[in-house]
Amino acid sequence: MNEAKTNKFSDQLHQAAAPLWQKSLHHPFITELASGQLPLTTFRYYLTQDTKYLEAFNQLHEKTAALLPSSQGELLLRLAREAGEDVQHNPILLQVDLTAGQIRQAPIAPNNYAYITHMEHQLSLSPAAAVAGLLPCYWLYDELADYWKGQTSPIPVYQAFFNSYQTAGFNNSTRLLIGLVDDLAAENSDLVKEQMLTAFMRSSRYELGFWQMAYTHQTWDDLEN
Ligand SMILES: Cc1ncc(C[n+]2csc(CCO)c2C)c(N)n1
């Protein structure tokens, strides 16, 4: 019998989410970014929703940090500070002429709203579940960044988007957050670990849904059909 064990909790999470992450990697949104076929309006839709997402995601770091002992909360606050800079100075928005006013006026799309609401809900379950809900955002994009290393796009702004994820700091943040999730799993009960797994898997589904949402320009009217 194969006795090979994955004893880190994060390895279990990774294994459970891998099939979903593969679908993200090969989503038409991504393949068309690389081929240059993705309509610019679709990319602008993605950036509009993503800016809204990143603002909420940053606040979630702060809300989660407030529930953790300061030694653990400090890491989340540091990550939020770094990510906050990226949101406020995203050169890609300038390149496609997206203004803060245009982004503010666009309604949040259903999958984006559901994803953010799902992460907020974890705060009422346990701080460990809240941290686990944040992790796919980092870890999936870290794997996408590896995949994008070899990708080129004939459209300069799509190439700039690939390049924007090629930073060592980003990889380091992902490793630190994986470490925090493993520490929290070790400190918590099986019930909380189950919450962590559920939060992680749902975030992974919403990540996949985020590409589909952008690809189809999802609106609230879509829920009626
Ligand atoms: C839907 C969505 N999911 C993940 C990311 C990637 N991401 C956003 S913030 C952050 C932390 C460091 O800046 C990372 C990795 C994204 N942009 N949009």
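Residue indices begin from 1 for each chain and proceed along its sequence in written order. Note on the predicted model: pLDDT of at least 70 is required for a residue's local features to be given, and 80 or more for side-chain atom pairs to be given and counted; whole-chain, interface and lining totals, by contrast, use all residues. No hydrogens and no water enter the side-chain calculation; it runs on all heavy atoms of the structure.

Side note on the side chain of His-118
Right, so step 1: By definition, any uninterrupted DSSP run of H or I lasting at least four residues is a helix, any uninterrupted run of E lasting at least two residues is a strand, and each is numbered from the N terminus. Locating His-118 in the fold gives a position in helix α7 (residues 110-122).
Right, so step 2: His-118 gets classed as buried once you look at its relative accessible area, which sits at 8%.
Right, so step 3: In this description, contact between two residues means that some pair of their heavy atoms is separated by no more than 4.5 Å. With sequence-adjacent residues up to four places away left out, His-118 is seen in contact with Ala-199, Arg-202, Ser-203 and Tyr-206. Any residue under 20% of the maximum accessible area for its type is buried, any over 50% is exposed, and the rest in between are partly exposed; the area is computed with a 1.4 Å probe on protein chains only.

Some points on the site of the ligand
Right, so step 1: The full set close to the ligand counts 13 residues, and Asp-50, Tyr-141, Tyr-165, Phe-170 and Glu-207 are the nearest of them.
Right, so step 2: Pairs of N or O atoms are called polar contacts if they sit within 3.5 Å, as long as, within protein, a hydrogen donor faces a hydrogen acceptor (for residues adjacent in sequence, only side-chain-to-side-chain pairs). A distance of 2.8 Å is found between a nitrogen atom of the ligand and a side-chain nitrogen or oxygen belonging to Glu-207.
Right, so step 3: The method behind every accessible area is Shrake-Rupley, applied with a 1.4 Å probe, and residues are considered shielded solely by the protein chains displayed. For the ligand, the protein covers 93% of the area, taking 440 Å² as the surface of the free molecule.
Right, so step 4: Secondary structure elements with two or more residues in the shell around the ligand: α3 (40-65), α4 (70-88), α8 (127-149) and α11 (190-216).
Right, so step 5: All amino acids are sorted into three groups, where Ala, Val, Leu, Ile, Met, Phe, Trp, Tyr, Cys and Pro are nonpolar, Asp, Glu, Lys and Arg are charged, and the leftover types, Gly among them, are polar. Of the residues assigned to the shell around the ligand, the class counts are 10 nonpolar, no polar and three charged. The near set for a molecule or strand comprises every residue that places at least one heavy atom within 4 Å of it.

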